[in-house]
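Residue-level structure breakdown
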Amino acid sequence: MSSQFLHINQLTFTYPDNGQNIFEGIDLVFPEGWTALAGANGSGKSTLLKLIVGDLSPSGGRLSGPEPRLYCAQEVHNAPEDLENFYADFYGGSGEAGRLFSLLEMDYDWPYRWDSLSFGERKRAQIAAALHRRPEVLLLDEPANHLDEHARILLLEVLKEYRGIGVLVSHQRLLLDELCSRTIMLSTDGPPRSFSCGWSEARDAIKAEQRHAADQFEKARKEERRIKLELQRRREENERHQKDFSKRGLRWKDSDARRKIDAARIGNKDVIGGQKVKHMADRLQRLQSRRPEGVIHAELGVSFHARRFASDYFFSLPEGKLVLGDEKTLEYPALQMTEGQHIAVSGNNGSGKSGLLRHIMASWSLSAEQFLYLPQEIPPGEQDTLLQRFELISRDQRGEVLSNFSRINGDAASMLDLPRPSPGEMRKLALAMGLQEEIPLIILDEPTNHLDLPSVMALEEALVSYKGALLMVSHDARFRDALCSVHWNLSMTARGSRLNII
């Protein structure tokens, strides 16, 4: 592998169909090793990867560096072009292909039954075929999508061995922090920023800068207010002095009074001339010109409340078994959930996590106003119902929903202007509606699906403050640990799986 750098110089890109300017004269350098590429939806992460690999052509500037460059897109609907070559080398005894085959726990028949593979298996095949080509530059767009925790660990270990120039877009913090020694943050309202550290450290640095800027802004605001009050006081004082030193109303023959006023004017010309007032006004103008640019939005510190639940338990299941199919079962002990409790459910793909949620919901008699359930994918019909509910609520209620929507990094314009929001924005809307209605129980199945990393962080911060009960399936260990105090782990057994309460 090469130790060269990938250079981006004065890169400009505008989408031809709508004239939207994505990048304008940006400069970036990617060294050997893994670099995290982060930013909100619309900041241009995938666009930049496609520009680097040549799938898109820049409007201006240039890219230089080693080749070949390989881009692994998020989608894995079709088999990678190099998958057959990978398997041919594997069957031919290639040690490198065999090593990747083993590390990623692949199977022999994957090329022949691509349509029946899970998305997690397809993703592992895509990564194996890409690494087998040994590209000088490897660009990965959300490689951990659809992978369970075990598969993500496999992915992390195999990517650690890559020795070229790697660029990683991911909402998995563990993957970013364990793999990347540099971070580039893209923004929709400013130039990219580079950090010589992993994503979490870069985010902490930005938050520290924001807190400092917020402090400076508040200090400047208070000083500005103090000077305005002082300026007003001095102006009023100056007006009183001007009245005291006025000769209006004096008889023209009263020479003694006129001499006294002239003497006072000479001794107080700074006041009469308004020099102190001018000095304060100049100081105020200088202060306003140095005010920190941009308003830093601090965390609101507002908790999401929930209505009280009348019963002791949302559900209480005796020990039992759940049939998963293929003669496999999920064994579980007695399960209960009380008001305000936050429970995380984890386990490998196929262990029965989503089936467990459906089984629990089928066991109770809760009304629709007492819980909110968000599946991994919201069906089109339910999306239509959700949008109709949003349209029918009052103006004040809509404002509250959009406020909650913004707190979890939602784009209000997508709700007000677009005919149908994206899947990620639709999930945020459903959650924002539930938070506005103060529903006492929220059930989430892989809530970070379709969300970029800033949205994941915003969702985490919002749910930490949620006072109701939370039952959540997630592969993201950090996300689970930040939100939940009880952990239900589904471990695989010879007959299926078993739930263990941790």
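Preceding this paragraph is the structure being described.
For the structure given in this document, a descriptive report is provided here.

What counts, and at which threshold
- Just so you know, the residues in each chain are numbered from 1, in the order the chain's sequence is written.
- Local features are withheld for residues below a pLDDT of 70 in this predicted model, meaning they are given only at 70 or higher, and side-chain atom pairs are given and counted only at 80 or more; totals for whole chains, interfaces and linings count all residues.
- To obtain the side-chain values, all non-hydrogen atoms of the structure were included, while hydrogens and water were left out.
- Put simply, DSSP marks the helices as runs of H or I at least four residues long and the strands as runs of E at least two long, and each gets a number from the N terminus on.
- Each residue is placed in one exposure class: buried if its accessible area under a 1.4 Å probe, protein chains only, is under 20% of its type's maximum, exposed if it is over 50%, and partly exposed if it falls in between.
- Identification of polar contacts relies on pairs of N or O atoms within 3.5 Å, with a donor-acceptor requirement for protein atoms, meaning one able to donate a hydrogen and the other able to accept it, and with residues adjacent in sequence counted only if both atoms are side-chain atoms.
- Residue contacts are counted whenever heavy atoms from the two residues lie within 4.5 Å of one another.
- Here the aromatic set is Phe, Tyr and Trp, taking the six-membered ring for Trp, and pairing holds for ring centres within 6.5 Å; pairs whose planes are under 30 degrees apart are stacked, those over 60 apart are edge-to-face, and all others are tilted.
- For a lysine, the NZ atom is tested; for an arginine, the CZ atom; a charge sits over a ring if that atom is within 6 Å of the ring centre and within 35 degrees of the ring normal.
- DSSP-based pairing: two strands are paired if at least 2 bridges between them are found.
- Only C-alpha atoms enter the line fits that serve as axes; for helices the fit covers just the stretch in contact. Angles between N-to-C directions range over 0 to 180 degrees.
- By definition, the arc is the one covered by directions from the helix axis to the C-beta atoms.
- The distinction between a cavity and a pocket rests on a 1 Å grid over the protein atoms alone: a 1.4 Å probe fits inside a cavity but cannot get out, while a pocket stays open yet meets protein on both sides within 12 Å along at least five of seven lines, and a residue with an atom within 4 Å of a point counts as lining.
- Grid points are joined across faces, edges and corners, and a volume is the space filled by probe spheres set on the points.
- Side-chain classes follow a simple rule in which Ala, Val, Leu, Ile, Met, Phe, Trp, Tyr, Cys and Pro form the nonpolar group, Asp, Glu, Lys and Arg form the charged group, and the remainder, Gly included, forms the polar group.
- For this analysis, a salt bridge means a side-chain nitrogen from Lys or Arg found within 4 Å of a carboxyl oxygen belonging to Asp or Glu.

Among the secondary structure elements, Lys45 is positioned in helix α1 (residues 45-53). On the accessibility criterion, Lys45 (13% relative accessible area) is buried. There is a polar contact of 2.8 Å between the side chain of Lys45 and the backbone oxygen of Gly39. Setting aside chain neighbours within four positions, we find Lys45 in contact with Leu37, Ala38, Gly39, Ala40, Val169, Leu186 and Asp452.

All right, on to the side chain of His132 then. Looking at the element boundaries, His132 is found in helix α4 (residues 119-132). For His132, the side chain forms a polar contact with the side chain of Asp89, separated by 2.6 Å. Beyond its immediate sequence surroundings of up to four residues, His132 is in contact with Asn85, Phe86, Asp89, Ser94, Glu96, Ala97 and Leu100.

This brings us to the packing of aromatic side chains. Considering all chains together, one arrives at 13 aromatic pairs under this definition. Ring geometry for Phe309 against Phe314: centres 4.1 Å apart, planes inclined by 25 degrees, an arrangement best described as stacked. Note on accessibility: Phe309 and Phe314 belong to one class, buried. Their ring planes at 40 degrees and their centres at 6.2 Å tell us that Phe315 and Trp364 sit as a pair that is tilted. Linking Phe315 in strand β10 (residues 313-317) with Trp364 in the loop between α11 (353-363) and β15 (372-374), this pair joins segments that are 49 residues apart in sequence. Note on Trp364: relative accessible area 13%, which makes it buried. Through pairs of rings, three or more aromatic residues link up here, namely Phe86, Tyr87, Phe90, Tyr91, Phe101 and Tyr108. Here the guanidinium or amino end of Arg398 rests over the ring plane of Phe390, the centre of that ring lying 5.2 Å away.

Bringing the sheet that holds strand β1 (residues 6-14) into the picture now. Strand order in the open sheet made by the three strands is β2-β1-β4, with antiparallel pairing throughout. Across the chains shown, the open sheet's two edge strands, defined by having one partner strand only, are β2 (21-30) and β4 (60-64). Geometrically, the sheet is characterised by an average inter-axis angle of 15 degrees between neighbouring strands, direction not taken into account. Contacts between α1 and the sheet are confined to β1, β2 and β4, with β1 contributing the most and set at about 120 degrees to the helix.

What follows is about the environment of Asp445. Mapped onto the elements of the fold, Asp445 is located in strand β16 (residues 441-445). Not counting chain neighbours up to four residues away, the residues in contact with Asp445 comprise Ser354, Leu357, Tyr373, Leu374, Pro375, Gln376, Arg427 and Val473. A polar side-chain atom of Asp445 sits 2.5 Å from a polar atom in the side chain of Ser354.

With that out of the way, let us pick up helix α3 (residues 95-103). Since the α-helix turns once every 3.6 residues, residues separated by three or four places project in the same direction. Turning to α3, its buried residues number three or more, namely Ala97, Leu100 and Phe101. What you see down the axis of α3 is that its buried residues fit within an arc of 105 degrees, all on one side. For α3, the exposed residues lying more than 90 degrees away from the buried face are Gly95 and Ser102. Those residues of α3 that are buried lie in contact with α2 (83-91), α4 and α5 (149-160). Looking one or two places after α3, you find Glu105, whose phi comes out positive at around 50 degrees.

If you roll a probe as big as a water molecule over the atoms, it shows you where there is empty space left. This structure, assessed with the given rule, holds three cavities of 30 Å³ or more. Of the pockets and cavities examined, the largest cavity occupies roughly 70 Å³. Lining the largest cavity are Leu374, Ile408, Gly424, Arg427, Lys428, Leu431, Pro447, Leu451, Ser455 and Leu459. Going through the elements one at a time, α15 (423-436) and α16 (453-464) are the ones with two or more residues in the lining of the largest cavity. Of the residues belonging to the lining of the largest cavity, the class tally is six nonpolar, two polar and two charged.

On to the pattern of salt bridges, then. Throughout the structure, instances matching the rule amount to 19 salt bridges. Note that Lys160 is salt-bridged to Glu178, the shortest N-O span being 3.9 Å. Note that Lys160 is positioned in helix α5 and Glu178 in helix α6 (residues 173-179), a separation of 18 residues in sequence. A relative accessible area of 33% means that Lys160 is categorised as partly exposed. For Glu178, a relative accessible area of 42% corresponds to the partly exposed category. Put simply, Arg498 and Glu331 hold a salt bridge, and the shortest N to O gap is 3.4 Å. One end of the pair, Arg498, is in strand β19 (residues 496-501); the other, Glu331, is in strand β12 (residues 328-332), with 167 residues separating them in the sequence. Linked through salt bridges whose partners overlap, the residues forming this network are Glu96, Arg99 and Glu161.

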